[in-house]
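# Structure at a glance
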Amino acid sequence: MIIAVDGPAASGKGTLAAGLARHYGLPQLDTGLLYRAVGRAVAGLEDTPGFEAAAIAAARSIDTGHLDPLALSTAEVGVLASKVAVIAEVRAALFDFQRQFALQPGGAVLDGRDIGTKIAPDADVKLFIQADSKSRMERRARQLEGRGVVVDRYALYHQIEQRDARDMANPNGGFYPAADAHLLDTTLLDIEAALRAAVAIVDGVMARKGQH
Ligand code: C5P
């Protein structure tokens, strides 16, 4: 079974994808980490003429076995990730790894922006996670504060809004709900309630398909 989990920044899709992977005993890939690793590799080159070529080279030589989620989780790396994510060759270089992960025997859970539309349009279940910008900012702020980071909520809010705008306008991105995606708004849900809702959707779809 392939489960695609897409949604905007700090929507809780990563936590939900991890919960679904545990629940169904499937491997999980956080595809944002790939873009973050490429973004981090070109930090400092943003306003130079070599930015695009360096990002493409970084994407082509990415070491997918050594992605460090903690080092890649900063807001600054998130912004860099969304800048390299608009480059078509970067997306193309990262495609095969994601596609193969999705197609492994037994299936997988992948989360990102374009899983249901581009990476696994054939996924068994597609979830598109939503939550209003203010609660997404608050969740991300608490996550960062839990790691001892001092957070400027105003700046974080604008950073999230800007990143969403860039991702939605990305002509190469595929960041929109697939026609067969199930929308799940987690604004008013805590992690457990969101996971229960996601499991109910997955079980419902699989039961209709007669496979679960
Ligand atoms: O999900 P996360 O916040 O880690 O993603 C970082 C950035 O990587 C996103 O803002 C987006 O620009 C890009 N991304 C993407 N396609 C994906 C996953 C992430 O374009 N499948």
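Anything mentioned here points back to the structure above.
Below: a short report on this structure. Note that the coordinates shown come from a computational prediction; the quantities given were computed from them, not determined experimentally. (Residues numbered from 1 in each chain as written. Predicted model: local features only at pLDDT ≥ 70, side-chain atom pairs only at ≥ 80, totals over all residues. Heavy atoms only, no water.)

### Details of helix 3 (residues 51–60)
Among all positions in helix 3, only Phe51, Ala55, Ile56, Ala58 and Ala59 are buried. End-on, the buried residues of helix 3 take up no more than an arc of 160°, which puts them together on one face. Turned more than 90 degrees away from the buried face of helix 3 sit Ala53 and Arg60, all of them exposed. The elements touched by buried residues of helix 3 are helix 2 (32–41), helix 5 (75–84) and helix 6 (88–102). (Buried < 20%, exposed > 50% of the residue type's maximum accessible area, 1.4 Å probe, protein only. Helix = DSSP H or I, 4+ residues; strand = E, 2+ residues; numbered from the N terminus. Arc of directions from axis to C-beta. Contact = heavy atoms within 4.5 Å.)

### Some points on the packing of aromatic side chains
The full count for this structure, using the stated rule, is two aromatic pairs. Each ring, one from Phe97 and one from Phe101, has its centre 6.5 Å from the other, and the planes form 50°; the classification is tilted. Taken as a pair, Phe97 and Phe101 lie in helix 6 at a separation of four residues, close to a single helical turn. When the ring centre of Phe175 is taken as origin, the NZ or CZ atom of Arg113, which lies over that ring, is 5.7 Å away. (Phe/Tyr/Trp six-rings, centres within 6.5 Å; stacked < 30°, edge-to-face > 60°. Lys NZ or Arg CZ within 6 Å of the ring centre and 35° of its normal.)

### A short note on empty space enclosed by the protein
Applying the stated criterion across every chain yields a total of one cavity of 30 Å³ or more. Of the voids in this model, the largest cavity is the one considered here, and its volume is about 60 Å³. Together, Ala75, Arg140, Leu144, Leu156, Gln159, Ile160 and Arg163 line the largest cavity. Counting only elements with at least two residues in the lining of the largest cavity, the list comes to helix 8 (133–146) and helix 9 (153–169). Among the elements that line the lining of the largest cavity, the one with the most residues is helix 9, at four residues. (1 Å grid on protein atoms, 1.4 Å probe; cavity = no way out; pocket = protein on both sides within 12 Å on 5 of 7 lines; lining within 4 Å. Points joined across faces, edges and corners; volume = space filled by probe spheres on them.)

### A look at the site of the ligand
Taken together, 14 residues lie near the ligand, and Arg36, Arg91, Asp114, Arg163 and Asp167 sit nearest. Arg36 is positioned such that a nitrogen or oxygen atom in its side chain is 2.6 Å from an oxygen atom of the ligand. Contact distances for the ligand include 2.8 Å between an oxygen atom and a side-chain N or O atom of Arg91. A molecule is said to occupy a pocket when more than half its atoms come within 2 Å of that pocket's grid points, and by this definition the ligand occupies the largest pocket. Here the element with the most residues in the shell around the ligand is helix 2; it accounts for three residues. Here the residues of the shell around the ligand are counted per class, giving three nonpolar, four polar and seven charged. (Near = heavy atom within 4 Å. Polar contact = N/O pair within 3.5 Å; in protein donor to acceptor, adjacent residues only side chain to side chain. Sits in = over half its atoms within 2 Å of the grid points. Nonpolar A, V, L, I, M, F, W, Y, C, P; charged D, E, K, R; others polar.)

### Focus on the packing of helix 2 against helix 6
If you want to describe how two helices pack, look at the angle between their axes and the distance between the axes. With their axes 11 Å apart at the nearest point, helix 2 and helix 6 run at an angle of 140° to one another. Considering their axes alone, helix 2 and helix 6 lie oblique with respect to each other. Relative to helix 6, the crossing made by helix 2 is right-handed. Packed against helix 2, whose contacting residues are Leu34, Tyr35 and Val38, the element helix 6 presents Val90, Arg91, Leu94, Phe97 and Gln98 at the interface. Looking at the contact of helix 2 with helix 6, its residues break down into six nonpolar, one polar and one charged. (Axes fitted to C-alpha atoms, helices over the stretch in contact; angles between N-to-C directions. Parallel < 35°, antiparallel > 145°, perpendicular 65-115°, else oblique. Left-handed = near helix turned anticlockwise from the far one by under 90°.)

### Some remarks on the environment of Ala178
In this structure, Ala178 sits in the loop between helix 9 and strand 5 (182–185). For the pair formed by Ala178 and Ile191, sequence separation is 13 residues and the distance between their alpha carbons is 24 Å. Ala178 has contacts with Gly116, Thr117 and Lys126, leaving out every residue within four places of it along the chain.

### Some words on the pairing of strand 3 (residues 108–112)
With five of five residues buried, strand 3 lies mostly within the body of the structure. Alternating positions in strand 3 separate into two faces, Ala108, Leu110 and Gly112 on one and Val109 and Asp111 on the other, with burial throughout. Strand direction decides the pairing type here: strand 1 (residues 2–6) and strand 3, joined by five bridges, are parallel. When the sheet's bridge partners are listed, Ile3 is paired in strand 3 with Val109. (Pairing = 2+ DSSP bridges.)

### Some details on the layout of surface pockets
The calculated volume of the largest pocket comes to roughly 1,000 Å³. Taken together, 45 residues form the lining of the largest pocket, with Ala10, Gly12, Lys13, Gly14 and Arg140 sitting closest to its centre. At the level of secondary structure, the elements contributing two or more residues to the lining of the largest pocket comprise helix 1 (13–24), strand 2 (28–30), helix 2, helix 5, strand 3, helix 8, helix 9 and helix 10 (191–209). Top contributing element to the lining of the largest pocket by residue count: helix 8, with six residues. Within the lining of the largest pocket, the residues separate by chemical class into 14 nonpolar, 16 polar and 15 charged. Empty space within the second largest pocket amounts to approximately 170 Å³. Thr74, Ala75, Glu76, Leu144, Val149, Val150, Val151, Asp152, Ala155, Leu156 and Gln159 are the residues that line the second largest pocket.

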